[in-house]
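Structure at a glance
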Amino acid sequence: MDIEFKKSGPLRGELTVPGDKSISHRAVILASLAKGESVVHKISMGEDVKSTIRCMRRLGVEIVRDGEVMRIRGKGYAGLTEPDDVLDCGNSGTTMRLLSGVAATRPFLTVLTGDSSLRRRPMARVVKPLSMMGAVICGRENSRLAPLVIRGGELKGIEYQMEVASAQVKSAILLAALDARGETVIRETVLSRDHTERMLLEMGANLERNQNEIRLRGPCDLNSMEWRIPGDISSAAFWLAAAAIVPGSEVLVRDVGVNPTRAGVITVLESMGAEIHLEDYRIINGEPVADILVKHSELKPIAIGGSIIPSLIDEIPVLAVAMAMAHGTSAVRDAVELRAKESDRIAMIVSILKQMGVEAAETADGFVIHGRGKIPGNCRLAAGGDHRIAMASAVAGLAAEMPVMVEDFNCVDISYPSFLQDLQALTR
Ligand code: S3P
């Protein structure tokens, strides 16, 4: 489905966005590993989380939809059974990497595969620590790529210094450590999103955190839970940016997760001059949640890099659109990880901006954008199957002088199936 996005009148009103995708994956997996029934409210129903649900069912877990909630009947690690086919993780890196940590503990064969994008993404980063813990795990091209074939078993705790800032890798190690003998220690140079740690603490795991160090003593049992998933800041980010760049806009996004390891997009938009207010800040299931109000303002350029990058890594495509709408030169550096996402997002961001008539250039670990306070548009873009590139292109279209056509827009179903309905409600 190709969709045309045109210069929009003000975006106005309030909305909630789908449940946080990262937390939803973890709620499904952790509830499957706990003993007893867990209930999950407002789970993301995007394709990625559906992939995780499908895989956990294939591992023998009973997961049922009951009206608005998902019920997950966990029987502990030992309750998982050998899948009778390969596990298809679809487009979801989180599914593949987190499940590799689970599979590493089980004394049976698990094969993890995914779509052509996922089969190009780096997997050595999970193969290495899980092998150190004692799992037999290998993949294509010398274990760099999926499919991954895993025969797990008795694992031992390890001390591990993270080589890249990756919450998926950190979580894979923690999931394996839960069923390993002895202590696992993980050290991060730059903090990545910490949902797994927060959720494990809520579930009674034997976990301690001290600045950038995590200690977990296994084996350890998890309590079943009632999870209330906050709105996904990575989805809210499209409306924060859209309202900031479209004149006259004022949007309130309710119930958004504002965990500091995820909220870099707010800091950056504020530094660019956007008017953003956080209201009704509260903690739910160990996660900070707030309502976010954003109004249109003139934006200034910005240069970002260093430790803030992991806290906004998924929001960089839409931040690039905000940078294009600022007057002056903006830059992103230290973001080479963008090249290993659903697409090479550095190449994709620069390519779509150039097609829209914005001056932009790639660097090895980021890009530079020469913003002129406007986006010419008048183009037809291929998002390359990347949901966040498609939605960032749509937001650009709302501010562009001439229409922006986005091909195969359905890929937004990965994280935000109701994007077009929400856009319609805000522009009505
Ligand atoms: C995720 C972690 C991030 C992020 C991804 C989801 C997660 O990747 O980009 O969309 O749920 O753990 P990293 O593993 O590179 O941090």
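Residues numbered from 1 in each chain as written. Predicted model: local features only at pLDDT ≥ 70, side-chain atom pairs only at ≥ 80, totals over all residues. Heavy atoms only, no water.

**Observations concerning the overall build of the chain**
For the record, the criterion: A run of H or I in DSSP counts as a helix once it spans at least four residues, and a run of E counts as a strand once it spans at least two, with each numbered from the N terminus. Burial here depends on accessible area, computed with a 1.4 Å probe over protein chains only, as a share of the maximum for the residue type. Under 20% is buried, over 50% is exposed, and the range in between is partly exposed. Between two residues, a contact is recorded if the distance between any of their heavy atoms is within 4.5 Å. Values of accessible area rely on a 1.4 Å probe in the Shrake-Rupley scheme; residue burial ignores everything except the protein chains shown. Asp and Glu count as negative and Lys and Arg as positive, but His and the ends of the chain are not part of the count. Here the site of a charge means NZ on Lys, CZ on Arg, CG on Asp, or CD on Glu.
Looking only at helices and strands, one finds 13 helices and 24 strands in the chain. Within the chain, buried positions represent 60% of all 428 residues. Of the contacts formed within the chain by residues at least 6 apart in sequence, a portion of 76% connects residues at least 24 apart. Per element, the accessible surface of the chain, about 15600 Å² overall, is 49% carbon and sulfur. For the chain, the distance from the average position of its 50 positive side-chain charges to the average position of its 54 negative side-chain charges is 2 Å.

**Considerations on the pairing of strand β17 (residues 275-284)**
Note the cut-off: In this scheme, strands are said to pair when DSSP sees at least two bridges between them.
The pairing of β17 with strand β18 (residues 287-295) spans eight bridges and is antiparallel. What sits directly across from histidine 277, in β18, is leucine 293. The turn joining β17 and β18, which pair antiparallel and follow one another in sequence, is formed by two residues; a positive phi near 50° is taken by asparagine 285.

**Some points on the domain arrangement of the chain**
Let me state the cut-off plainly: Boundaries of every domain are those given by an automatic assignment or by a domain database. As a working definition, buried area equals the accessible area (1.4 Å probe) given up by two parts on being put together, with both sides summed. Under the scheme applied here, ten amino acids are nonpolar (Ala, Val, Leu, Ile, Met, Phe, Trp, Tyr, Cys and Pro), four are charged (Asp, Glu, Lys and Arg), and all others, including Gly, are polar.
In terms of domain boundaries, the chain breaks down into domain 1 (3-19 + 230-427) and domain 2 (21-228). On a C-alpha basis, the centroid separation for the pair domain 1 and domain 2 is 29 Å. Between domain 1 and domain 2 the total buried area reaches about 2400 Å² when both faces are included, carbon and sulfur atoms providing 47% of it. In terms of surface lost to domain 2, no three residues of domain 1 exceed Asn285, Glu342 and Ile414, which account for 24% of the buried area on that side. Of all elements in the fold, only β18 and α12 (387-399) reach the threshold of two or more residues within the side of domain 1 that touches domain 2. Among the residues forming the side of domain 1 that touches domain 2, the class breakdown is ten nonpolar, nine polar and nine charged.

**Side note on the sheet that holds β18**
Our working rule: Whenever a helix is involved, its axis is fitted only over the stretch in contact; in every case the axis is a line through C-alpha atoms, and angles between N-to-C directions fall within 0 to 180 degrees.
One open sheet holds the four strands; their spatial order is β2-β16-β18-β17, and the pairing between them is mixed. Either end of the sheet is taken by a strand with one partner, and the two such strands are β2 (12-16) and β17. Strand-to-strand, the axes of this sheet are offset by a mean angle of 15°, without reference to chain direction. Strand direction decides the pairing type here: strand β16 (residues 250-257) and β18, joined by six bridges, are antiparallel. Note on β18: the bridge partner recorded for valine 256 is alanine 290. Of the strands in this sheet, β2, β16 and β18 are in contact with helix α8 (residues 233-245), which crosses β16 at around 165°. Strand contacts of helix α13 (residues 419-427): β2 and β16, with the helix running at about 150° to β2, the strand carrying the most contacts.

**Brief notes about unusual backbone geometry**
With the exception of glycine, most residues fall at negative phi, and the peptide bonds are largely trans. Proline 147 follows alanine 146 through a cis peptide bond whose omega is 0°. Residues glycine 218 and proline 219 are joined by a peptide bond in cis, for which omega reads -10°. Residue placement: proline 219 occurs in the loop between β14 (213-218) and β15 (226-228).

**Here's the deal with the site of the ligand**
Keep this limit in mind: What makes a residue near a molecule or strand is one non-hydrogen atom of that residue sitting within 4 Å of it. Residues adjacent in sequence count toward polar contacts only when both atoms are side-chain atoms; beyond that, a polar contact is any pair of N or O atoms within 3.5 Å, and within protein one must be able to donate a hydrogen and the other to accept it.
The local shell around the ligand consists of Ser22, Arg26, Thr94, Ala165, Ser166, Ala167, Gln168, Arg193, Ile313, Asp314 and Lys341. Interatomic distance of 2.7 Å between a side-chain N/O atom of aspartate 314 and an oxygen atom of the ligand. Contact between the ligand and lysine 341: an oxygen atom at 2.7 Å from a side-chain N or O atom of the residue. In isolation the ligand has 380 Å² of accessible area, and contact with the protein removes 95% of it. When contributions to the shell around the ligand are tallied by element, the ones reaching two or more residues are α1 (21-33) and α6 (167-177). When grouped by side-chain class, the residues that make up the shell around the ligand number three nonpolar, four polar and four charged.

**Concerning the side chain of serine 311**
Structurally, serine 311 is set in the loop between β19 (303-304) and α10 (316-325). Here isoleucine 308 takes part through its backbone oxygen, which lies 2.6 Å from a polar atom of the side chain of serine 311. Residues contacting serine 311, with those up to four places away along its chain left out, are Pro260, Thr261, Arg262, Ala263, Gly264 and Val265.

**As for the nonpolar core**
To be explicit about the condition: Definition of nonpolar core: a set of buried residues of the types Ala, Val, Leu, Ile, Met, Phe, Trp, Tyr and Cys, connected through side-chain atoms within 4.5 Å.
If you look at the biggest cluster of nonpolar residues, it comprises 85 residues, and the most contacted ones within it are Trp239, Ile316, Phe367 and Phe409. Counting residues per element, this core draws most heavily on α8, which supplies eleven residues. Those residues within four positions of tryptophan 239 in sequence are excluded, and the remaining contacts are Leu11, Leu15, Val17, Val251, Val253, Val294, Tyr416, Phe419, Asp422, Leu423 and Leu426. Judged by nonpolar contacts, the second largest core, of 68 residues, contains Val61, Ala104, Ile150 and Ala205.

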